[in-house]
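This is what each chain is made of:
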Amino acid sequence: MMRGTPSSRVLWHWWTVLLAFVSLPFLSTLAVGMIMKYQTYEEDALSTVIGNLAKDMFLNPSDDSKTNFKMMKQFNASFIRLREKDGQLTIGERIDREKICKNAVQCLIAFDVVSLFSEQFQLIHIEVEVKDINDHAPEFPRKESTLEISENAALGTRISLDVAMDEDVGSNYIQSYQISVNSHFTIDVLSRADGVKYAELVLMKELDRETQASYVLELVATDGGNPPRSSTTKINVNVKDFNDNSPVFSRTNFSVDILEDSPVGFLLLDLNAVDPDDGLNGEVVYGFGNQVPLEIRQRFSIDRKSGQLTLRSPIDFESKKTYEFDIQASDLGPNPRPSICKVVVQVQDVNDNAPEITITPMTPVTAEIAYITEAAAKGSFVALISTADRDSGTNGQIHCTLYGHNDFKLQQAYEDSFIIVTTSPLDREKIAEYNLTVVAEDLGSPPLRTTKQYTIRLSDENDNAPVFSKPVYEESLMENNAPGAYITTVVARDLDLGQNSEISYKLLDTYIIGSPVSTFVSLDPATGSLYALKSFNYEVLKQLQLRIQASDGGSPQLQGSAIINLKIVDQNDNAPSITQPALNNGSAEVLLPKDAPSGYVVTQILARDADEGVNAELSFRISEGVSMFSINRATGEIYLNQELNYKDYENLRITVSVSDNGRPSLTTVVTIDFSIIAGSLPSDRSIFRHRTDEETWEGDHSVVIIVVLAGSCALLLLAIILIATSCNKRKTDNRGDSYSGKEDIVKADGNHCDPLIPMHSDIVFDIQPSYSNKPNFSGFIQTCSDISCSSEDGTCVFDLEDKSHGVKSEDYSNPPGYGNAMRLIKIWKGTSTISAGDPQFSGKDSGNGDSDFNDSDSDISGDGLRKGKYQNKVQKTNVCVCVRERERPGAAHSV
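Residues numbered from 1 in each chain as written. Predicted model: local features only at pLDDT ≥ 70, side-chain atom pairs only at ≥ 80, totals over all residues. Heavy atoms only, no water.

Draft legend 1. Here's a closer look at the overall build of the protein chain. Summing up its helical and strand segments, the protein chain has seven helices and 61 strands in all. Within the protein chain, residue pairs in contact and separated by at least 24 positions form 69% of the contacts whose partners lie at least 6 positions apart. Carbon together with sulfur atoms contributes 50% to the accessible area of the protein chain, which is approximately 47000 Å² in total. (Helix = DSSP H or I, 4+ residues; strand = E, 2+ residues; numbered from the N terminus. Contact = heavy atoms within 4.5 Å. Areas by Shrake-Rupley, 256 points an atom, 1.4 Å probe, with all protein chains shown as cover.)

So, in structure tokens, the structure goes:
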């Protein structure tokens, strides 16, 4: 069949569609894997059209899309070009079938294409068969060869001839051999196990060396191309003298199997040929036939003497499966006549090739990394995994597994091809990169395994809107700010990457008191800093609510918004304003009846302050003027603090200052002129009745609270001290009878020293010492401040002397050997008239508790008193006797 033009040849090319019936879930629908087969010829011109996927698959490509088909790059895909718009396949570079496939019967260029239509991803396996053209003629290894044959060779004797080689295949390969016309020889065309055709020279007529010693023949090899090509070699046949016997092999054909992993030196055959002759005529040597090619001689070796056929170099089943050659045996006699046997070596496959893994990503950037958008739906196609094993049979069957993460799985597409698809939605912000492991294992024994690491990175999609750090910003700005004053900076974050995370800020259009917000503030679009464009007045505008928006740089853009509540802070920038009485150049005239009594409210100053809070709290005071007027600081009421005198009728003028509580305080001054009028008092006027302390009270309420709290704490502390003192006194009183080792000092007062101590009707006190050799009591008695004594200076009427130490009680302060401890022992209160000579007044105590002053045990007696200067009567008085004791070490008292 003649080849047509490139355009007509497109119609001549045939294609088939084979449904692989493999479920392939892609973006939103299920697709079926397809195998599309096309044909082309080697050496076709570049850009020759092979086929069109859109037409052949009955698809309507979108006109507005630049990509409807995408080729998955593979090692031999460069020979074919794909037009992505409609899937047109053309030749991309020169195709030499013999270079790609050598002598393979079928030569395929296979690659994969993904179709992208209506959100349906479909994987298409393309196989382009490269057809052979007769671009190679048969070729003999030698242009001329020489053969020797004995003159006594039997009819039918066969001699192998050189094998012609043709790189073409099929009908373009060698189809026939022809030999030149002669009277003795013919040829027989045979085929080897590997399909190679060869010719053998066959003797048809007996030879006679004396008649003709040599023959010249031509052998022609012709292929089946159109037009056919041929090649010729010259054969010189020499006839040798008679040789009685030739070596004989036990068999003329040998077939042997050898494993491809057999070591060098492995013995294939031990050939044996027998020659019945004696001497040199019966000694046999072995060798390859003359027509055995160099490839065989390099692969195998024959021992010349023993005939052992061994492996000379490694063999590979995947390179060549069969070797066929001749071994000849000949004797060493003159004119030897060799014998030939044919040897066929069948190479057996072993599992010596591990699987090969090729990963082709959907979006190729680098060989080891696949990229997929994070917006890919469940079942989206990620990468194509192609596996191959050069072994055959079960040794070449592959099982593939994917490890690494449950978000992806492996799914078989066809034969030894697999695809990685997603099993769940992806989120780059959670997991940005996946490290997967692909394991391919054949079914040989033992199995061989190949592992390949693969990385899948998620490309960012603009799926995250900017988010402000706070939904509502509460900010403040002092009024009377300078234009351009900085207010605050807002910050938004976007979890996306690159341009999708680039944020710009803007103010949303709103109106404030009738004007656009952009006339009040400005927002830096790059930094989010907010600035004031004008000076704000709190009294005009107290708060602004601004809406801001952050937009990212993605497509389409995503936005986030927030609110800024800008509070204008009041400043004390407004002085009080007098609203009453009406002013004229800062002064006012007020009428005052001449009969107005003290406390009469003349007028009231009313004022207001435009500020707020403490800045608007007003206080009134009279700064200048006559003293007969007073003003209420809080209400501004002006009243008379005394009755009018006719002398005061002239120059009745005061200056009132109205101040706010701002920092600093602002003050407004008004002058009040009073005009005296006759007549009755107006009925609507009141008399100011306010206590002085309240009138003059100018303190703050907080000061009052602090004073009250401080006073309460002081009273509480005083009460605690009094209670503690009283408890201490009672404990001392209860231990009076067993008390020892003390000295007492008595102090009298006009009142009780402690109100908790009971009152007594007598003034007798008792002291009982526990030993007699030393005085038990030394001290002084002093009257209280309100007691009238007989002495001129109002001091005590008692004069007690410490006889043991010679110290008088008046100047007794710290006697030797006594401590400083003092304790309130007992208090008596009574009314009586005491005389120094009264028998009841005795300084002695019998120890019986009768408190008899003349008790013999006492160092102080009535006689002692009568000897002193206090022999006059003491006037009747209230006596408070306080007894203090000073402790003397080692002494024990009972009082």
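Picking up after the structure, the text goes on.
Draft legend 2. Quick peek at the confidence of the model for the protein chain. Mean pLDDT over the protein chain works out to 77, with 73% of the residues at or above the 70 mark. Within the protein chain, the element-level pLDDT minimum falls on strand β1 (residues 16-25), averaging 34, and the maximum on strand β22 (residues 308-311), averaging 96. Contacts of residues 737-895 to residues separated by more than four positions or lying in other chains number 333 contacts, the stretch itself having pLDDT below 50. (pLDDT = per-residue confidence, 0-100.)

Draft legend 3. Geometry of the pattern of salt bridges. Considering all chains together, one arrives at 18 salt bridges under this definition. In this structure, the salt-bridge partner of Arg-83 is Asp-86, at a minimum N-O distance of 2.7 Å. The closest approach of N and O atoms between Arg-192 and Asp-194, which form a salt bridge, is 3.0 Å. In the salt-bridge network here, residues are joined through shared partners; they are Glu-43, Arg-94 and Asp-96. (Salt bridge = Lys/Arg side-chain N within 4 Å of Asp/Glu carboxyl O.)

Draft legend 4. Structural view of the pairing of strand β30 (residues 408-414). In the sheet, β30 pairs with strand β31 (residues 417-422) via six bridges, with the strands oriented antiparallel. When the sheet's bridge partners are listed, Gln-411 is paired in β31 with Ile-419. In sequence, β30 turns back onto β31 through a hairpin of two residues, with Glu-415 there showing a positive phi of about 40°. (Pairing = 2+ DSSP bridges.)

Draft legend 5. Expanded view of the state of the cysteines. Across all of its chains, the model carries one disulfide by this definition. The disulfide partner of Cys-101 is Cys-107, and the S-S distance across this bridge is 1.9 Å. One disulfide, between Cys-101 and Cys-107, carries an S-S torsion of 65° and so falls in the right-handed class. Taking relative accessible area as the criterion, Cys-101 reaches 16% and is therefore assigned buried. (Disulfide = S-S within 2.5 Å. Buried < 20%, exposed > 50% of the residue type's maximum accessible area, 1.4 Å probe, protein only.)

Draft legend 6. Representation of unusual backbone geometry in the model. Going from Ser-445 to Pro-446, the amide bond is cis rather than trans, its omega being -5°. In this structure, Pro-446 sits in the loop between β32 (433-442) and β33 (449-459). Ser-555 connects to Pro-556 through a cis peptide bond whose omega is 0°. Looking at where Pro-556 falls in the secondary structure, it is placed in the loop between β43 (543-551) and β44 (559-569). Phi is positive for Ile-513, which is not a glycine, with a value near 45°. Tracing the chain through its elements places Ile-513 in the loop between β39 (511-512) and β40 (515-516).

Draft legend 7. Focus on the sheet that holds strand β18 (residues 267-270). The antiparallel open sheet is built from three strands, whose spatial order is β18-β22-β21. Each edge of the sheet is formed by a strand with only one pairing partner; in this case those strands are β18 and β21 (300-302). On average, adjacent strands in this sheet sit at an angle of 15° to one another, irrespective of strand direction. Relative to β22, β21 is paired through three bridges, and the arrangement is antiparallel. When the bridges of β22 are listed, Phe-300 appears paired with Leu-311. (Axes fitted to C-alpha atoms, helices over the stretch in contact; angles between N-to-C directions.)

Draft legend 8. Expanded view of the sheet that holds strand β24 (residues 339-348). An order of β17-β24-β23-β20 is seen for the four strands of this open sheet, with the pairing classed as mixed. Lying at the two open borders of the sheet, with one neighbouring strand each, are β17 (253-259) and β20 (284-288). Across the sheet, the axes of successive neighbouring strands diverge by a mean angle of 25°, strand direction being ignored. Here β17 runs beside β24; their pairing, made up of seven bridges, is parallel. Bridge pairing links Asp-257 to Gln-346 in β24.

Draft legend 9. Layout of the environment of Lys-102. By secondary structure assignment, the location of Lys-102 is in the loop between α3 (97-101) and β7 (108-117). Accessibility expressed as a relative area gives 61% for Lys-102, which makes it exposed. Note: C-alpha distance between Lys-102 and Glu-167 (65 residues apart in sequence) is 7.2 Å. What Lys-102 contacts, discounting residues up to four positions off in sequence, is Arg-97 and Glu-167.

Draft legend 10. Broad picture of the packing of aromatic side chains. Within the structure shown, the criterion is met by 11 aromatic pairs. Taking 6.2 Å as the distance between ring centres and 50° as the angle between the ring planes, the aromatic pair formed by Phe-468 and Tyr-505 counts as tilted. Of the two residues, Phe-468 sits in strand β34 (residues 467-468) while Tyr-505 sits in strand β38 (residues 504-507), which places them 37 residues apart along the sequence. Grouping residues by exposure puts Phe-468 and Tyr-505 together as buried. Taken together through their ring pairs, the aromatic side chains of Phe-288, Phe-300, Tyr-323 and Phe-325 make up a single cluster. (Phe/Tyr/Trp six-rings, centres within 6.5 Å; stacked < 30°, edge-to-face > 60°.)

Draft legend 11. Here's a closer look at the side chain of Asp-391. Within the fold, Asp-391 resides in the loop between β28 (381-388) and β29 (398-403). At 7.3 Å, Arg-390 is the nearest oppositely charged side chain to Asp-391, a buried residue that forms no salt bridge. At 3.5 Å, the side chain of Asp-391 and the backbone nitrogen of Asp-352 are in polar contact. Dropping the residues within four chain positions of it, Asp-391 is found in contact with Glu-260, Glu-318, Asp-349, Val-350, Asn-351, Asp-352, Asn-353, Gly-396 and Asp-442. (Lys, Arg positive; Asp, Glu negative; His and termini not counted. Polar contact = N/O pair within 3.5 Å; in protein donor to acceptor, adjacent residues only side chain to side chain.)

Draft legend 12. The arrangement of the environment of Ser-171 in detail. Mapped onto the fold, Ser-171 is located in the loop between β10 (158-160) and β11 (174-179). C-alpha separation for the pair Ser-171 and Asp-223, spaced 52 residues apart in sequence, amounts to 7.2 Å. Not counting residues up to four positions away in its chain, the partners in contact with Ser-171 are Asp-223, Gly-224 and Gly-225.

Draft legend 13. Inspection of the environment of Lys-506 at higher detail. Within the fold, Lys-506 resides in strand β38. For the pair Lys-506 and Ser-561, spaced 55 residues apart in sequence, the C-alpha to C-alpha distance is 9.6 Å. With near-sequence residues (within four places) excluded, Lys-506 lies in contact with Leu-523, Arg-547, Ile-548 and Gln-549.

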